[in-house]
Amino acid sequence: MKSIAKDFTLISILLIPIGVAVNVVAGELVEILKIPLFLNQIGTMIVAMVAGPWVGAVTGGVSKLIFGIFNPTQLAFMPVAMASGIVVGFMAKKGMTKNVWKVAFTGFIVAIVAILIATPTTVIVFGGASGTGSDTVTAVLLASGKEIWTAVLTQKIFVESIDKILSIMVAYMIVRKMSDQYLSKQKYGHLYLNTYNHKNTKIGA
Amino acid sequence: MEKLRSFILSLYPTTKFLFAAFMMMTPLLWPGYIYSYLVPVLCLIIAMAAGKTKPYVDFVLKGLVPIVVMIFLLQSFFYPGENILWSWSIFSIKQEGIEFSLQLTSKILAVGSAIVLFFQITKINDLSRALEIAGVSPKATYVLSSALTIIPEMRLHLLRIMDAQRTRGVETEGNLSIRIKAFVPALTPLILSSFSSTDEKAITLESRAFTARTKKTSLHHLEKTKSDHVVRAILLIVFVSILIWRFFL
């Protein structure tokens, strides 16, 4: 418990609302650009990368709470968003967000966890529907004689893996663009310090 | 009407929450789906009385109706059953599927519309103050209210960035790959600038003793009134009677 509380420094608490707002606004941008994905956990992933798994989990949870004000069905997917934050945070701690290939692998793990949690939620709570365009995939699979669990699972494998891997790639690109000065103030920011610059600039020079 | 409106809006946030929780729990206890379908209607009446008809209807239509329609389509065609009501080539609508859809969607509509109503009649600032009074850490309530104030600000910022990127030649319309390519140049400056502003926020908050371990005074005044106690008492009595009727009679 103590180690969890240690992650919540003032600076990381201030990251949570910004991560939440990024999730909401990125979700709206996806709608403006009519991209058939969600990409609404990029903020959670950035926060999880620089501030650790628990701060990431809170960011994911609060995001779904805010999404829920406009669309209450989103509240049911709160555990998925929280798990994404936790997984990204732990993988980051283990140094699994240091280059593009490792990030892709992390995205893959996040997708698996998301599929495992989202599938039962969708089938049990919503009878297999999600109210989005990806329902057509479920319907086609059901029409081809698949069972509801198989149909939803297959649909989730398609949607979640593309969505989560793309999201974490965008998150990684953005974290890489943060300045060393900014990253050095974050709890896990040292993982992304630009070592090339580090060698060539002396402190105080 | 005006009196009823101010009565609803001036209730204490947790009283409103108890009411919403009541509207969510009772459909799960009550057998059948007629009552559950009445809950959204009841919520609509309250929303009308509170002068929040438009946002309530908007959010219910956008958030709940699409999923309810999809559940009906998926379940009525593909739920295993014997009693076929209507069929066309390989597709057939079954009685059991309709029955299952009615049960499921009535509960989703009831719970969903209660949540929508709660957020329409409760100001988040009031809610976070009530949570603080109930003993929740001010840091947690700060996160909640700050997220909601940052969103509109960031939305404006995003539109500005998109305009700026368009003038630089970033295409935002066209086929899917063009639109996906526009995603990153619009989002990156937005995220980087918002994240880097946390430093200044930390200094501002620190200068106002945000992390100091003292009791803080609030300018936001919130008080329970007589009507809160009346509403709470009625909710409790009705809820207990439903429990007794359901499990003991």
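Here, the structure is the one placed above.
Let me begin by describing the structure that accompanies this report. The shown structure was predicted, so the numbers you read here are calculated from the model rather than taken from an experiment.

Thoughts on the overall build of chain B
Scanning chain B for helices and strands turns up 10 helices and 2 strands. Each helix (α) and strand (β) of chain B, taken in turn from the N terminus, gives the series α-α-α-α-β-β-α-α-α-α-α-α. At 24 Å, chain B has a C-alpha radius of gyration far larger than the 18 Å of a compact globule built from 249 residues. In terms of overall dimensions, chain B has C-alpha extents of about 65 × 60 × 35 Å along its principal axes. Considering only contacts within chain B whose residues lie at least 6 apart along the sequence, 67% involve residues at least 24 apart. Per element, the accessible surface of chain B, about 14400 Å² overall, is 67% carbon and sulfur. Separation between the mean location of the 26 positive side-chain charges and that of the 16 negative ones in chain B comes to 5 Å.

Describing the pattern of salt bridges
For the structure on display, the rule yields 8 salt bridges over all chains. K187 of chain A serves as the salt-bridge partner of D7 of chain A, at 3.1 Å between the closest nitrogen and oxygen. Taken as a pair, D7 of chain A in helix α1 (residues 2-7) and K187 of chain A in the loop between α9 (180-183) and α10 (195-200) lie far apart in primary sequence, 180 residues in all. In this structure, R129 of chain B engages E132 of chain B in a salt bridge whose closest nitrogen and oxygen atoms are separated by 3.0 Å.

Considering the nonpolar core
Judged by nonpolar contacts, the single largest core of 63 residues is most densely connected at I42 and I46 of chain A together with F183, L187 and F195 of chain B. Broken down by element, this core gets its largest block of residues, 12 residues, from helix α2 (residues 10-32) of chain A. Among all residues touching F195 of chain B, those that are not within four sequence positions of it are L15, I18, G19, V22, I46, V47, M178 and Y182 of chain A.

Some thoughts on helix α2 (residues 13-29) of chain B
An α-helical turn contains 3.6 residues, so a residue and the one three or four places further along point in the same direction. Residue and element names in this part refer to chain B. Across its 17 residues, α2 extends 24 Å between first and last C-alpha, which sits within 8% of the 24 Å expected from 1.5 Å per residue. Listed in full, the buried residues belonging to α2 are P13, T15, K16, A20, F22, M23, M24, T26, P27 and L29. Those residues of α2 that are buried are in contact with α1 (2-9), α3 (34-49), α5 (95-121), α6 (124-133) and α10 (226-247).

Quick word on the interface of chain B and chain A
The interface of chain B with chain A comprises 57 residues on the first partner and 58 residues on the second. Surface buried jointly by chain B and chain A totals about 5000 Å² across both partners, of which 85% is contributed by carbon and sulfur atoms. For the pair chain B and chain A, the interface holds 2 salt bridges. Applying the counting rule to chain B against chain A returns 7 residue pairs in polar contact (both at pLDDT 80 or more). Looking at the side of chain B that touches chain A, the elements that each hand over two or more residues are α4 (53-78), α5, α7 (138-167), α8 (176-196) and α9 (198-207) of chain B. Looking at the side of chain B that touches chain A element by element, the count peaks at 15 residues for α8 of chain B. Grouping the amino acids of the side of chain B that touches chain A by side-chain chemistry returns 40 nonpolar, 11 polar and 6 charged.

Parameters at a glance
- Going along each chain's sequence as written, the residues are numbered from 1 onward.
- To label them, take the chains in the order written and letter them from A, then take the ligands in the order written and number them from 1.
- Note on the predicted model: pLDDT of at least 70 is required for a residue's local features to be given, and 80 or more for side-chain atom pairs to be given and counted; whole-chain, interface and lining totals, by contrast, use all residues.
- With hydrogens and water stripped out, all remaining heavy atoms of the structure feed into the side-chain values.
- Numbered from the N terminus, helices here are DSSP runs of H or I no shorter than four residues, and strands are runs of E no shorter than two.
- Computation of the radius of gyration draws on C-alpha atoms, with the globule rule given as 2.2 Å multiplied by the number of residues to the power 0.38.
- We call two residues in contact whenever any of their non-hydrogen atoms come within 4.5 Å of each other.
- The Shrake-Rupley method, run with a 1.4 Å probe sphere, supplies the accessible areas, and residue values consider only the shown protein chains as cover.
- Charge assignment: positive for Lys and Arg, negative for Asp and Glu; neither His nor the chain ends contribute.
- Each charge is placed at NZ for Lys, CZ for Arg, CG for Asp and CD for Glu.
- For salt bridges, the criterion is a side-chain nitrogen of Lys or Arg within 4 Å of an Asp or Glu carboxyl oxygen.
- Remark: nonpolar core denotes a set of buried residues (Ala, Val, Leu, Ile, Met, Phe, Trp, Tyr, Cys) joined through side-chain atoms within 4.5 Å.
- Each residue's exposure class comes from its accessible area (1.4 Å probe, protein chains only) as a fraction of the maximum for that residue type: buried when under 20%, exposed when over 50%, partly exposed otherwise.
- One less than the number of residues in a helix, times 1.5 Å, gives the span that helix is expected to have.
- The buried area of a pairing is the accessible area, by a 1.4 Å probe, that goes missing from both parts when the two are put together, added over both.
- Counted as a polar contact is a pair of N or O atoms within 3.5 Å, where, for protein atoms, one must be capable of donating a hydrogen and the other of accepting one, and residues adjacent in sequence contribute only when both atoms are in side chains.
- When residues are sorted by character, Ala, Val, Leu, Ile, Met, Phe, Trp, Tyr, Cys and Pro go into the nonpolar class, Asp, Glu, Lys and Arg into the charged class, and all the rest, Gly among them, into the polar class.

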